Structures are given as C-alpha cells and as structure tokens.
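Summary of the model geometry
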There are 2 protein chains.
Amino acid sequence: MSNRGNADVLIVGAGPAALFAVFQLGIYGLRCHLVERLDRAGGQCTVLYPDKSIYDVPAFPEIGGDDLTERLLRQGAPCGPCFTFGRSAVELALVDGRWQLDLDDGTAILAGYVILATGIGMFDMPPGERGGVELVPGPVAQWSLDRSRGGIHVDPATLETSRPGVFAIGDACDYPGKLKLILSAFHEAALATQEIRKRHAGTRLPAVEYSTTSRRVRARLGRS
Amino acid sequence: MSNRGNADVLIVGAGPAALFAVFQLGIYGLRCHLVERLDRAGGQCTVLYPDKSIYDVPAFPEIGGDDLTERLLRQGAPCGPCFTFGRSAVELALVDGRWQLDLDDGTAILAGYVILATGIGMFDMPPGERGGVELVPGPVAQWSLDRSRGGIHVDPATLETSRPGVFAIGDACDYPGKLKLILSAFHEAALATQEIRKRHAGTRLPAVEYSTTSRRVRARLGRS
C-alpha cells in the first residue's frame, strides 16, 4: 500500500468544520491532511446551498455557502494544509502508535491524530447524473465508534470519540445539547485543537495563545 | 422603583456574546434588553482592541474589534433589541416568577430569563481620566452563583448557572474545556437560546429552525 504521507492531524471531510480546524491547529504549528470524497472543499455549503444565503453565521448578516467556503480556505491557507480530493476513507487502524487511514484507491495516510468531520454523511455523485449529488452512508458509518442520536458520541470537553486520539466535530458528532449549526462546528474545532495540542506537546505545552496578543500566532499566519 | 420595561430575556453586558445572543434569541421571536456599564456596545472588542486585528474569528482572516461589533449589531438589528447604556446591574431577584434586575440609578428591568455576558469583569471609566478604562469587580461578582476556575459555573449543555433561569455565556462562564474565545461565546449563545426557547414555548415548541430553509426565520429578519 503506497503512502500519501505523514501529517500531524488527518481530517476526514472538507466542510466548514474541517476548514476551520485547519486554521485552529495551524496557529499552534500542527499540519493537517484532509481527505474529501468530492472534488472540492465546502461540504454541505457547496453541495446543498452554494448560492443560497445563510443568515446565522456570526457577524455575517448574510453570506452564501461558496463565499463562506472561500473565506475559510483563505483563513487556513497560511497553515499549509494538504488536500486529497475525490477519495474516500475506507479503514482506520492504529499501526505502531500512529493512525493509518486507508483510502479507496489503495493508498494510505499516516497521522498522529484523526478528526472526523464527515457532516451528515457522504455526498456522492452518481456516474452519468450531471450535477446530481446524493447522500450515501460512507464507510465511516460502519466504523466501530460509540454513537448517540445518530451521531458519533464524543466527550463535549474535548470532542474525542470512544477511540483515543480520534475526534469528531461538526454535524457528525453528538453530545448533550448538540446543535447542527456551523457556528457550533467552529467551537468544536477549537476544543478538539486544544486537546490535540496538549497531547502533541506533552510537557512542553505553551499557554493558550490569542491572535490579538501572540507574536508567534501572527508570525505563523504571515502577519507582522 | 421605576420600571424600565419588560423583556423576554435580559442580558447583562453588550460584548460579542451578548450581541450574538440578541440575534439567536431574535430568530425565535424572543426580545432582549441589554444593560451595559459603558456608553456603547462591543465589550473587550471596543475597550481593549478597537483598532487591533483579530485573526481567529471564523471566516475572517482579519477583522478589527470595532468592525466585528458593528457587524454583530447589524446582524441583530432586525430582532429589535433594547439597550440601556451607562448603567450597571446591582441586584437580581425573583419577583412573582419573573427576574427583576435593579440598576444603579434606582430603576429596574423585569424579564423571564437572564443571561450574564459580563466578560472578564466590568469596565469602568474613572472620572477625569480621558479615554482611560479600568477593569473593576462589578456587583455581579458578588451575586450568589456557583463558581469554578474564576468563572460562573454553568451546565455545558444549556449554559444555565446554579440559579434556574439565569444563564452565563462568553468569558464570564466556566465549564470543562471552556476556552475564552469569541467563537466559543457564539456557540454558547446558541445553546442558551435553545434552552430558553424550550422553556418559553412550553409544549408548543417548534423544531430547530435553520436560516437557509425556514421562511419564518427569514421573515423575522426582514428577508424574503
């Protein structure tokens, strides 16, 4: 099985939750590799409502799904994410202390941590149907993970699933009070980031850094 | 004691958490009254970094505190919030099943629910100091509420404090994993909103409404 590379964090999905996780992890120096079944980023924003307005993204009285996706991609760009489009995740296994994700083309990606940001399911484009997209249960739905209310059950303080080192954020996850809102996915990405960076740094943990005051954060984003 | 009016929800503070709560509650038809010690909205954004850039507000690669405040005010404007600036909350008491908030000018506001969005403390402008602002422990710090790690302890699923019907969001609150990030305050406002609307609606609870698909939500925001 050929290896597509090593990443600090492997993210399954490329919707708003995944894209904001790229940025959150990136400001702490963690590099992400995203795997997305479709040929582009955006998830539901791109598939279900590219031209439809969304009114409940904080500080945007109105924004289109494509515009939101573009802005999140731009925000995460300085963090140097790696994208693998058009491939789906098949199997996830712990190999020598790292996670190995097998893709449907026989390749694999290795990573220290995994974030499942698979939304409400996998979108597929049936051959021959121009522009048509259908929601199908992807292989992730078969993985051995505790579930609740149709979602992947997580610890609400860390977004960790029942498999240590595997996290779930956005519409894919469930915990008491869970709301399937884009703004909640952003918060979940931030909480998962803190847990991952704590484990990654071990004892060398720097304090939480704020973008308004941390020179290191601004330097990583290419800002003065 | 003269009454400044009745509100569905009374919010102490007018920073990003409070402003986004106005919008979240508003899309479910709940009217808010905000009390703010300063003479304007924005909280820390306005006081500590009006001209400084923030890089971690989702979908904004860079935004100033004043710009963020203005955008949140605009997003919540169709929800018709009432603002009382330049006054601070002194005492909170349950009177005939409603919350009564006494202000420092001897007036009072009545509401069914209270959200404390008091941030890291009360900002005050000492007389004679032009443009100077200091952080002081406001009366809310003396109220009888369970606390943890310096914050007001809340149920993470609902953001409710130890006093039923009183919620805390943003930097003022604490729960396992709590991060003092603006994006977390937005999520907390959304969770508190769901709990308040459930109690307010009683058995007549409509389902969670999404701005992309709900005509009622769009009508409340003055959109077609």
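Refer to the structure printed above.
The residue numbers shown here count from 1 along each chain, following its written sequence. The naming scheme follows written order: chains are lettered A onward, ligands numbered 1 onward. Per-residue local features of the predicted model are confined to residues with pLDDT of at least 70, and side-chain atom pairs are confined, for both listing and counting, to 80 or more; whole-chain, interface and lining totals are unaffected and use all residues. Side-chain numbers here rest on the full set of heavy atoms in the structure, without hydrogens or water.

Structural notes on the sheet that holds strand 14 (residues 173–174) of chain A
Residues and elements named next belong to chain A. A pair of strands is labelled paired if DSSP reports no fewer than 2 bridges between them. We count a stretch as a helix when DSSP gives it H or I for four or more residues in a row; a strand needs E for two or more, and each element gets its number in order from the N terminus. Pairing is mixed across the open sheet formed by 3 strands, whose spatial order is 11-12-14. Here the strands that pair on one side only, and so sit at the sheet edges, are strand 11 (147–148) and strand 14. Bridge count between strand 12 (residues 151–153) and strand 14: 2 bridges; the pairing is parallel. What sits directly across from Ile 152, in strand 14, is Cys 173.

Description of the packing of helix 1 (residues 16–26) of chain B against helix 4 (residues 182–201) of chain B
Residue and element names in this part refer to chain B. Note on method: axes are straight lines fitted to C-alpha atoms, helices fitted across the in-contact stretch only, with angles between N-to-C directions ranging 0 to 180 degrees. Here helix 1 crosses helix 4 at 40°, and the two axes come no closer than 8 Å. Pair helix 1 / helix 4 crosses with right-handed handedness. Residue-level contacts link Pro 16, Ala 17, Phe 20, Ala 21, Gln 24 and Leu 25 of helix 1 to Ile 182, Ala 185, Phe 186, Ala 189, Ala 190, Thr 193 and Ile 196 of helix 4. When grouped by side-chain class, the residues that make up the contact of helix 1 with helix 4 number 11 nonpolar, 2 polar and no charged. Each helix crossing is assigned a hand: it is left-handed if the near helix lies turned anticlockwise from the far helix by less than a right angle, otherwise right-handed if that turn is clockwise. Every residue pair with non-hydrogen atoms within 4.5 Å of one another is taken to be in contact. Three classes are used: nonpolar for Ala, Val, Leu, Ile, Met, Phe, Trp, Tyr, Cys and Pro, charged for Asp, Glu, Lys and Arg, and polar for all others, with Gly counted as polar.

Describing the interface of chain A and chain B
Interfaces are often described in size by the accessible area the parts lose on coming together. Residue-level contacts link 41 residues of chain A with 41 residues of chain B. Defined here as a combined quantity, buried area equals the accessible surface (1.4 Å probe) lost by two parts on assembly, summed across both. Interface of chain A and chain B: buried area, both sides summed, is about 3700 Å²; carbon and sulfur atoms make up 66% of it. A per-residue breakdown of the area chain A buries against chain B is headed by Tyr 55, Ala 59 and Thr 212 of chain A, which together make up 18% of the total. Should a side-chain nitrogen of Lys or Arg be within 4 Å of a carboxyl oxygen of Asp or Glu, the pair is scored as a salt bridge. At the junction of chain A with chain B, the criterion picks out 2 salt bridges. For the salt bridge of Glu 62 of chain A with Arg 223 of chain B, the shortest nitrogen-to-oxygen distance reads 2.5 Å. Here a polar contact is recorded for every N or O atom pair within 3.5 Å, except that within protein the pair must consist of a potential hydrogen donor and a potential acceptor, and residues adjacent in sequence are included only if both atoms are side-chain atoms. At the junction of chain A and chain B, the tally comes to 20 residue pairs in polar contact (both at pLDDT 80 or more). Mapped by element, the contributors of at least two residues to the side of chain A that touches chain B are helix 1 (16–26), strand 3 (53–54), helix 3 (65–76) and helix 4 (182–201) of chain A. Along the lines of polarity and charge, the residues of the side of chain A that touches chain B split into 23 nonpolar, 10 polar and 8 charged.

Comments concerning the pairing of strand 8 (residues 108–116) of chain A
Residues and elements named next belong to chain A. Exposure classes here rest on a 1.4 Å probe applied to the protein chains alone. A residue is buried below 20% of its type maximum, exposed above 50%, and partly exposed in between. For strand 8, the buried fraction is high: 9 of the 9 residues fall into the buried class. In this sheet, strand 8 lies alongside strand 1 (residues 3–12) in parallel orientation, the contact comprising 7 bridges. Residue pairing in the sheet places Ile 11 in a bridge with Ile 115 of strand 8. As judged from the 4 bridges shared by strand 7 (residues 98–103) and strand 8, these two strands associate in the antiparallel manner. Looking at strand 8, one finds that Leu 101 is bridged to Ile 109. In this structure, the hairpin formed by strand 7 and strand 8 is closed by a connection of 4 residues, where Gly 106 is found at a positive phi of approximately 85°.

Some details on the pattern of salt bridges
Counted according to the given criterion, the structure contains 20 salt bridges over all chains. The partner of Asp 104 of chain B in a salt bridge is Arg 87 of chain B, and the shortest N-O contact between them spans 2.7 Å. Placement of Asp 104 of chain B in the loop between strand 7 (98–103) and strand 8 (108–116) and of Arg 87 of chain B in the loop between strand 5 (82–85) and strand 6 (89–95) is noted, with a sequence separation of 17 residues between them. Classification of Asp 104 of chain B as partly exposed rests on a relative accessible area of 35%. Look at the salt bridges and you will find they share partners, linking Arg 4, Arg 87, Asp 104 and Asp 105 of chain A into a network.

Structural notes on the packing of aromatic side chains
Residues and elements named next belong to chain A. Stacked, tilted and edge-to-face are the three classes assigned to paired rings of Phe, Tyr and Trp, where Trp is represented by its six-membered ring and a pair needs centres within 6.5 Å; plane angles under 30 degrees give stacked, over 60 edge-to-face, the rest tilted. One pass over the structure, following the stated rule, counts 7 aromatic pairs over all chains. Measuring from ring centre to ring centre gives 5.3 Å for Phe 83 and Phe 85, while their planes differ by 5°; the resulting arrangement is stacked. Overall, the relative accessible area of 28% leaves Phe 83 in the partly exposed class. A relative accessible area of 33% means that Phe 85 is categorised as partly exposed. A network of ring pairs unites the aromatic residues Phe 20, Phe 23 and Phe 186 as a single cluster.

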